[in-house]
Amino acid sequence: SPQAALHFAKETFGFDFHQIRKERNFDFYDSLKILNFIRKETAALRCMHCGAQANSADDLLQHMREESHFKIPEDPPLGGGEPAWKAESYLTPWSMEDPLLFGFEEEEEFEGEREEVG
């Protein structure tokens, strides 16, 4: 489920997508773009933060752990301009069957309801 995937990323890698959305004031479209960017980069064995190319998924994971790169690229990038993940092409899902793309807002709504109750 999308909730389980986001929880796993937060607990395992310290990648808290909901917190990132809040801190950077991402709207729905920014959120789609960054999720598609992450999916595409990691599928191509590239670090989502620095773009370093790995030879295997294990090598990529090791690099990202060692460099603390479980975070999105800086906004704006060091060289100026727009970050790569903001390209309109990332509005197109990396996988048309990715439930995370259509479930992350439901999770935030659920979190908001729990905060209101508790």
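Thresholds applied
Residues numbered from 1 in each chain as written. Predicted model: local features only at pLDDT ≥ 70, side-chain atom pairs only at ≥ 80, totals over all residues. Heavy atoms only, no water. Salt bridge = Lys/Arg side-chain N within 4 Å of Asp/Glu carboxyl O. Buried < 20%, exposed > 50% of the residue type's maximum accessible area, 1.4 Å probe, protein only. pLDDT = per-residue confidence, 0-100. Helix = DSSP H or I, 4+ residues; strand = E, 2+ residues; numbered from the N terminus. Contact = heavy atoms within 4.5 Å. Disulfide = S-S within 2.5 Å. Phe/Tyr/Trp six-rings, centres within 6.5 Å; stacked < 30°, edge-to-face > 60°. Core = buried A, V, L, I, M, F, W, Y, C linked by side-chain atoms within 4.5 Å.

> Explain the pattern of salt bridges here, please?
Side chains carrying opposite charge are able to pair once their charged atoms draw close together. In this structure the tally under the stated criterion is four salt bridges. The partner of Asp16 in a salt bridge is Lys10, and the shortest N-O contact between them spans 3.7 Å. For the salt bridge of Lys86 with Glu82, the shortest nitrogen-to-oxygen distance reads 4.0 Å. For Glu82, a relative accessible area of 57% translates into the label exposed.

> Explain the confidence of the model for the chain to me, please; I cannot follow it from the model alone.
Detailed reading of the predicted coordinates is not advisable wherever pLDDT falls low. Confidence along the chain averages 82 in pLDDT terms, with 81% of residues attaining 70 or more. Across the chain, the secondary-structure element scoring lowest on mean pLDDT is helix H5 (residues 104-117), at 50, and the one scoring highest is helix H4 (residues 57-66), at 95. For the stretch residues 110-117, pLDDT sits under 50, and the model shows one contact to residues farther than four places along the chain or on other chains.

> I keep staring at unusual backbone geometry and nothing clicks. Help me out?
Here Leu45, not a glycine, exhibits a phi torsion of approximately 60°, which is positive. By secondary structure assignment, the location of Leu45 is in the loop between helix H3 (28-43) and H4. Taking relative accessible area as the criterion, Leu45 reaches 22% and is therefore assigned partly exposed. In this structure, Ser68 is a non-glycine residue whose phi angle is positive, near 55°. Within the fold, Ser68 resides in the loop between H4 and H5.

> Please explain the state of the cysteines as it appears in this structure.
Among covalent bonds in proteins, the disulfide is the one between the sulfur atoms of two cysteines. Taken as a whole, this structure holds zero disulfides when the rule is applied. We note that Cys47 lacks a disulfide partner, and the nearest cysteine sulfur, in Cys50, lies 3.7 Å from it. Overall, the relative accessible area of 42% leaves Cys50 in the partly exposed class.

> Which parts of the structure should I look at to understand the packing of aromatic side chains?
Geometrically, a pair of aromatic rings is defined through the distance of the ring centres and the angle of the planes. According to the stated counting rule, one finds five aromatic pairs in the structure shown. Ring centres of Phe13 and Phe70 lie 4.5 Å apart, and the angle between their planes is 20°; this geometry places the pair in the stacked category. Here Phe70 lies in the loop between H4 and H5 and Phe13 lies in helix H1 (residues 2-13), a separation of 57 residues in the sequence. The class for Phe13 is partly exposed, based on a relative accessible area of 25%. Taking the centre distance of 5.4 Å and the plane angle of 80° together, the rings of Phe37 and Tyr90 count as edge-to-face. Of this pair, Phe37 sits in helix H3 while Tyr90 is found in the loop between H4 and H5, placing the two residues 53 residues apart along the sequence. In this structure, Phe37 and Tyr90 share a single accessibility class: buried.

> What exactly am I supposed to notice about the nonpolar core here?
Where a protein is soluble and globular, its nonpolar side chains tend to be buried together. Phe15, Ile34, Phe37, Ile38 and Ile72 are the most contacted members of the largest nonpolar core, which totals 22 residues. The leading source of residues in this core is H3, at five residues. Beyond its immediate sequence surroundings of up to four residues, Ile38 is in contact with Phe15, Met48 and Ile72.

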